[in-house]
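# Coordinate analysis (summary)
What follows is each chain in one-letter form.
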Amino acid sequence: MTAPAELMAGVWADLTGQEPTVETLANAAHAAAARLAGVEGISGMTHAWLITGPPGSGRSNAARAFAAALECQNEGCGECNACRTSLSGTHPDVTLVRTEQLSLRVDEIRELVLKSAMSPVGARWQVLVVEDADRLTEQAADALLKSLEEPAARTVWLLCAPTVEDVVPTIRSRCRLLVLRTPSTSAVASLLERRGVERSMALFAARASQGHIGRARALALKEEVRDRRSEVLSIPSQVGTLSGCVHAAAALVERAAEEAKAATTELDTHERTELENALGVGGKGAKPRSLQAALKDLDDQQKVRAKRLQRDALDRALLDLMSYYRDVLAVALNTGAELVNLELRPDIARAAASTPPEAVLAKVDAILACREAIAANVAPLLAVEAMTINLR
Ligand SMILES: [Zn+2]
């Protein structure tokens, strides 16, 4: 067993606030190392894990850290070549699969399954990480099943998904489940500080991100991300009039589209060039029919992705907006809860004094309804306008 003090060191250092999970994984890595060393009486090696947790809680970090601990001679020192290459995804026996697309295709999974049947190149484990197990198509899940049921002796599968319900039952029943929790504000802040972020900024970003580590890092490091967030938080002051509501809604949807575009443009071009190179045709001129079809296919996938990213950006904005009204409620009802938007305290106190709690609650409901409508594919502008009018 590992003592708590040394528990969060080495490859585990960045798994802020996830001590119970780290303990389980560190023990599993220890058992795996004992098995490789031929120690007698090691029971139940787990060959398939499902790591779940809310967005930003560090699912993929946990999977990589565990992969490193399995490949490392010292169970995850964090310093050696095996640790470093496992964490960065370049270790020959660690395969990371993730997708920017809506689903993981069956041919990608078949390739992984083939690999899973092979012995590792090195002397330790063949580790296969599927970062978006929630995006397995039914066919892809079927292709995976047999390998999970009858794993090769030195193969370990690590699947990641937001919740256990996001994974088809046949898959999840064959995995050992690990649940990550939302990390606390202080845990996120200390992680940022260790990365060189100044303390007050680290605290602000940790609070504002509400436990989403990637978001906290973006808020701490990028001014434009902070600016966008301030704009969202100015919405409550803009919805006094009907025209203000309409204007605020349009601006919010526009910003989300811009954010998605910034995230995809470079990726889109890169994918297109790769595809053209793979098919041996680049540049201008007539393109063969097969290439045209493949390009059209790629184009469709990219459009779907852009749409998804816009919805994701919008949802993040709505979460920020919701945090404002939650703060107002916390002050109005004097719950003593830590405010997410501490820097807006005077504003929040004024709103709390002038709005009855039931009215604030109705605004929170309006935001929730908007998130649900967008998740259900209602046109974003329509859903957001309905919301801003209800925030009036
Ligand atoms: Zn190491």
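Residues numbered from 1 in each chain as written. Predicted model: local features only at pLDDT ≥ 70, side-chain atom pairs only at ≥ 80, totals over all residues. Heavy atoms only, no water.

Labelled according to an unreviewed UniProt entry, the protein appears under the name DNA polymerase III subunit delta, originating from Tenggerimyces flavus.

## Some details on the overall build of the protein
Counting secondary structure elements, the protein contains 17 helices and five strands. In terms of overall dimensions, the protein is globule-like: its C-alpha atoms have a radius of gyration of 24 Å, near the 21 Å expected for 392 residues. Taken over the C-alpha atoms alone, the protein extends approximately 70 × 65 × 40 Å along its principal axes. The buried share among the 392 residues of the protein stands at 43%. Taking contacts inside the protein between residues at least 6 apart in sequence as the whole, the part at least 24 apart equals 71%. (Helix = DSSP H or I, 4+ residues; strand = E, 2+ residues; numbered from the N terminus. Rg over C-alpha atoms; globule rule 2.2 N^0.38 Å. Buried < 20%, exposed > 50% of the residue type's maximum accessible area, 1.4 Å probe, protein only. Contact = heavy atoms within 4.5 Å.)

## Structural notes on the domain arrangement of the protein
For the protein, the domain assignment lists domain 1 (4-179) and domain 2 (237-268 + 297-391). Between the C-alpha centres of domain 1 and domain 2 the distance comes to 35 Å. (Domains from an automatic or database assignment.)

## Considering the packing of helix α14 (residues 289-332) against helix α15 (residues 345-354)
As a packed pair, α14 and α15 sit with axes 8 Å apart at the nearest point and diverge in direction by 65 degrees. Crossing geometry of α14 relative to α15 is assigned as right-handed. Two secondary-structure elements touch here, α14 through Y324, D327, V328, V331 and A332 and α15 through D347, I348, A349, A351 and A352. Class assignment for the residues of the contact of α14 with α15 results in eight nonpolar, no polar and two charged. (Axes fitted to C-alpha atoms, helices over the stretch in contact; angles between N-to-C directions. Left-handed = near helix turned anticlockwise from the far one by under 90°. Nonpolar A, V, L, I, M, F, W, Y, C, P; charged D, E, K, R; others polar.)

## A few points about the packing of aromatic side chains
Counted under the stated rule, the structure contains two aromatic pairs. Ring centres of W49 and F66 lie 5.4 Å apart, and the angle between their planes is 75 degrees; this geometry places the pair in the edge-to-face category. In this pair, W49 is assigned in strand β1 (residues 48-52) and F66 in helix α3 (residues 59-71), connecting sequence segments 17 residues apart. Under the relative-accessibility criterion, F66 is labelled buried at 2%. Aromatic side chains Y324 and Y325 sit 5.2 Å apart centroid to centroid with 85 degrees between the ring planes, which places their arrangement in the edge-to-face category. (Phe/Tyr/Trp six-rings, centres within 6.5 Å; stacked < 30°, edge-to-face > 60°.)

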